[in-house]
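Structure at a glance
Letter by letter, the chains look like this.
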Amino acid sequence: MTPLASADPAGVTPGPCQYTVTPDEPAARPVPLPPDPARTPSRGTVRVDVSTNQGPLPLTLNRAAAPCTVQSFVHLARWKFYDRTTCHRLTTYPTLEVLQCGDPSGTGEGGPGYRYKDELPVDLEPAPTDPTGARKIYPRGTLAMANAGPDTNGSQFFLVYGNAYLRPNYTIFGTIGDAGLTTLDRVAAAGVQPTPEDPAPLDGPPALRTDLKKVKTHC
């Protein structure tokens, strides 16, 4: 691997994305900070082939919509951060149908040891179930970042296979190909792993274990 630009003494990269080290949340798998050039690529798309144990999961990343997010995702993929990881959370509520992945620890608590800013969507349609208009439609086929609050993006992302009515607080950085939606539909149809307390949960590890075997980018 080529050496990458390091953070300044404050733990922040010098470019416009300002990837910031999170000492209290160390990387779940060793990885350096992403490159952060003064001119972050902001045009075109990046094709990503994701092979899983449940089938293919092709993605198309949109640099124009979220240049810093795409740059980080490509960086993590090149360092094999996502390879041999499991998707830890399936949600099957009628208004939130997503599969969440991107944590090598498989717990939902892990990340890359850095965070970076939001690149939020501004053109989403209002959710029909929310008369206030606060929630928007993240449509089927959307690829978006999970977070723990404003500007806390790391490595975890979610894949929308159905309805997802959310406040527009999550960066959209790409789309899922048709073959990937077929794979997600198969996983969703099996439901969430039951527990002794809840034999039919709507949120938790997928009953059909879904592992990302290899994530390969084509820039």
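Refer to the preceding data block for the structure.
All values derive from a computational prediction rather than experimental measurement.

What follows is about unusual backbone geometry. Residues other than glycine seldom take positive phi values, yet Q18 does so here, at roughly 50 degrees. Counting through the fold element by element, Q18 comes out in the segment before β1 (20–21). One non-glycine residue, D151, lies in the positive phi region at around 60 degrees. Counting through the fold element by element, D151 comes out in the loop between β10 (142–145) and β11 (157–166). We classify D151 as partly exposed; its relative accessible area is 34%.

What follows covers helix α1 (residues 67–78). The end-to-end C-alpha separation of α1 is 16 Å, in line with the 16 Å expected for twelve residues at 1.5 Å each. Burial analysis of α1 places eleven of its twelve residues in the buried class, which makes it a mostly covered element. P67, C68, T69, V70, Q71, S72, F73, V74, H75, L76 and A77 are the residues of α1 that are buried. Once α1 finishes, K80 follows within two positions and takes phi at roughly 60 degrees, a positive value.

Conventions and cut-offs
Residues numbered from 1 in each chain as written. Predicted model: local features only at pLDDT ≥ 70, side-chain atom pairs only at ≥ 80, totals over all residues. Heavy atoms only, no water. Helix = DSSP H or I, 4+ residues; strand = E, 2+ residues; numbered from the N terminus. Buried < 20%, exposed > 50% of the residue type's maximum accessible area, 1.4 Å probe, protein only. Expected span 1.5 Å × (residues − 1).

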